[in-house]
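Single-letter residue listing:
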Amino acid sequence: QVQLVESGGGLVQPGGSLRLSCAASGNIFRINVMGWYRQAPGNQRELVATMASGGSTNYADSVKGRFTISRDNAKHTVNLQMNTLKPEDTAVYYCNLRQSNAYRPDYDYWGQGTQVTVSS
């Protein structure tokens, strides 16, 4: 079992910034990918940014240059610094951890979600 807990969501004006944090606990393997997905009302859940334990990153085109993902492998935490926020960034943001074992290849664990609202 792996548990993920997000924090840092809230209400911010367009152009503002927020920093999301996620802490993972439980049976976490050394090699994994952690990241953030988001889901706005009426939309599918979409990738925002991911970072592998080896350091490689992947960003959605819509957030490149504005968002920065970081992680601490020893602490099993991942952060998302969100700058120059836009109303279209409004969504529930979910922390994700993906890892594999012999019985569950590329198995996804999810946090409960944290609301980010960008509005004036």
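Residues numbered from 1 in each chain as written. Predicted model: local features only at pLDDT ≥ 70, side-chain atom pairs only at ≥ 80, totals over all residues. Heavy atoms only, no water.

Looking at the pattern of salt bridges
Per the counting criterion, the structure on display carries five salt bridges. We note a salt bridge from Arg38 to Asp89, for which the minimum N-O separation is 3.0 Å. With Arg38 in strand E4 (residues 33-39) and Asp89 in the loop between strand E8 (77-82) and strand E9 (91-99), the pair connects residues that are 51 residues apart, well separated along the chain. A relative accessible area of 5% means that Arg38 is categorised as buried. A cluster of three or more residues bridged by salt bridges with shared partners is formed by Arg38, Glu46, Arg66 and Asp89. (Salt bridge = Lys/Arg side-chain N within 4 Å of Asp/Glu carboxyl O. Helix = DSSP H or I, 4+ residues; strand = E, 2+ residues; numbered from the N terminus. Buried < 20%, exposed > 50% of the residue type's maximum accessible area, 1.4 Å probe, protein only.)

Notes on the state of the cysteines
In protein chemistry, a disulfide is the covalent bond that joins the sulfur atoms of two cysteines. As enumerated under the stated definition, the model contains one disulfide in all. Sulfur-sulfur distance for the disulfide between Cys22 and Cys95 comes to 2.0 Å. Between Cys22 and Cys95, the S-S dihedral sits near -85 degrees, and the bridge is therefore left-handed. Of the two residues, Cys22 is situated in strand E3 (residues 18-26) and Cys95 in strand E9; the sequence distance between them amounts to 73 residues. Take Cys95: its relative accessible area is 0%, and that puts it in the buried class. (Disulfide = S-S within 2.5 Å.)

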